[in-house]
Amino acid sequence: KMVGIDLGLTHRVITSDGDKIPNPRFLHRTERKLARVQRNLSRKQKGSQNRAKARHRVAKVHAKLADQRRDATHKLSTQLIHENQVIAAESLPVKNLLKNRSLAKAISDVGWHQLTQQLAYKAERYGRDFVQIDKWYPSSKRCFHCGHITEKMPLNVRTWDCPHCGTQGIDRDVNAARNILQSGKAILAGADKLRQHEKTTTVGLTGG
Ligand SMILES: [Zn+2]
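About the criteria used
Residues numbered from 1 in each chain as written. Predicted model: local features only at pLDDT ≥ 70, side-chain atom pairs only at ≥ 80, totals over all residues. Heavy atoms only, no water. Buried < 20%, exposed > 50% of the residue type's maximum accessible area, 1.4 Å probe, protein only. Helix = DSSP H or I, 4+ residues; strand = E, 2+ residues; numbered from the N terminus. Pairing = 2+ DSSP bridges. Donors = N, O, S within 2.8 Å, 3.2 Å for Na, K, Ca; no water. Phe/Tyr/Trp six-rings, centres within 6.5 Å; stacked < 30°, edge-to-face > 60°. Lys NZ or Arg CZ within 6 Å of the ring centre and 35° of its normal. Axes fitted to C-alpha atoms, helices over the stretch in contact; angles between N-to-C directions. Parallel < 35°, antiparallel > 145°, perpendicular 65-115°, else oblique. Left-handed = near helix turned anticlockwise from the far one by under 90°. Contact = heavy atoms within 4.5 Å. Nonpolar A, V, L, I, M, F, W, Y, C, P; charged D, E, K, R; others polar. Core = buried A, V, L, I, M, F, W, Y, C linked by side-chain atoms within 4.5 Å.

Caption draft 1: Quick peek at the pairing of strand 1 (residues 2-7). With 5 of 6 residues buried, strand 1 lies mostly within the body of the structure. In terms of strand pairing, strand 1 meets strand 4 (residues 86-90) through 4 bridges, oriented parallel. Bridge assignment links Met 2 to a residue of strand 4, and that residue is Val 86. In this structure, strand 1 lies alongside strand 2 (residues 13-15), joined through 3 bridges in antiparallel fashion. Looking at the pairing, Asp 6 lines up with Ile 14 of strand 2.

Caption draft 2: Region of interest: the coordination of the zinc ion. Within the protein, the zinc ion binds to Cys 143 (SG), Cys 146 (SG), Cys 162 (SG) and Cys 165 (SG); these donor distances fall in the range 2.3 Å. The motif formed by the donor residues of the zinc ion, counted along the single chain, is C-x2-C-x15-C-x2-C. With relative accessibility at 6%, the residue Cys 162 sits in the buried group. For Cys 165, a relative accessible area of 32% corresponds to the partly exposed category.

Caption draft 3: Expanded view of the packing of aromatic side chains. Taken as a whole and assessed by the stated rule, the structure comprises 0 aromatic pairs. The side chain of Arg 178 reaches across the aromatic face of Phe 144, ending 4.6 Å from its centre.

Caption draft 4: Examining the packing of helix 1 (residues 25-42) against helix 2 (residues 49-83) more closely. Between helix 1 and helix 2, the least distance of the axes is 9 Å, while the angle of their chain directions is 165°. In terms of orientation, helix 1 lies roughly antiparallel with respect to helix 2. For helix 1 against helix 2, the interelement crossing comes out left-handed. Taken together, the residues of helix 2 that come into contact with helix 1 (itself represented by Phe 26, Leu 27, Thr 30, Glu 31, Lys 33, Leu 34, Val 37, Gln 38, Asn 40 and Leu 41) are Arg 51, Ala 54, Arg 55, Arg 57, Val 58, Val 61, His 62, Lys 64, Leu 65, Gln 68, Arg 69 and Ala 72. Residue composition of the contact of helix 1 with helix 2, by class: 10 nonpolar, 5 polar and 7 charged.

Caption draft 5: Quick look at the nonpolar core. Ile 5, Ile 87, Trp 112, Leu 115 and Leu 119 are the most contacted members of the largest nonpolar core, which has 14 residues in total. Within the residue set of this core, elements represented by two or more residues are strand 1, helix 2, strand 4 and helix 5 (112-126). Here this core gets 4 residues from one element, more than from any other, and that element is helix 5. In this structure, Ile 87 is in contact with Val 3, Ile 5, Leu 80, Ile 81, Leu 119, Asp 129, Phe 130 and Val 131, ignoring residues within four places of it in sequence.

Caption draft 6: Up close: the sheet that holds strand 2. Strand order in the open sheet formed by 5 strands is 3-2-1-4-5, and the pairing between neighbours is mixed. Every other strand in the sheet has two partners, leaving strand 3 (20-21) and strand 5 (129-133) as the edge strands with one partner each. Strand contacts of helix 6 (residues 172-188): strand 1, strand 2, strand 4 and strand 5, with the helix running at about 130° to strand 1, the strand carrying the most contacts.

Caption draft 7: Representation of the packing of helix 2 against helix 5 within the structure. It is the contact of helix 2 with helix 5, at a shortest axis distance of 9 Å, that shows an interaxial angle of 45°. Here helix 2 lies oblique to helix 5, going by the angle between them. Helix 2 and helix 5 meet at a crossing whose hand is right-handed. Of the residues in helix 5, those in contact with Arg 69, Arg 70, Thr 73, His 74, Leu 76, Ser 77, Thr 78, Leu 80, Ile 81 and His 82 of helix 2 are Gln 114, Leu 115, Gln 118, Leu 119, Tyr 121, Lys 122, Ala 123 and Tyr 126. Looking at the contact of helix 2 with helix 5 residue by residue, the classes come out as 8 nonpolar, 7 polar and 3 charged.

Rendered as structure tokens:
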């Protein structure tokens, strides 16, 4: 079985099968708790005993959140590795997303880097192929069905409607994940021609 995965903003990961994997609820709860103790800290007088206590509480919640995120990421990466022989992913979120502060937060929350790192070493451990697509690969702007590449695909456009082949109403993230899978497969198949055209690169291949 092969799967392509796309980074989501509202969902953690979207797969080429159409699965949308949300962040676990306990992460949202801990995030809210962190916001609360941070607010509490900001209200304490500088140099006071209470401020020191509040700072300690913030550090504790921070550590808890980091642990929970890592555990949730391990669960997801293990699941993906066990269910698939081939996993294709983007190497990094698109840079211009990072310029937007709120999106940047969402991206860092998702821990994309942590996830791809875990997938890479688990793929090696369990004899799977983990393929990473060049970050400039136009996964969101390309039609998975006919390969047509559109010039613009603004983030608020949620479905893929192809002006070339007439494919309509495909979830934009699922379309992207399918493109990522196609590109990953092409890399594995050693399709040099496609590689030259689309400038894809591979990282962390294990014996493929
Ligand atoms: Zn098309």
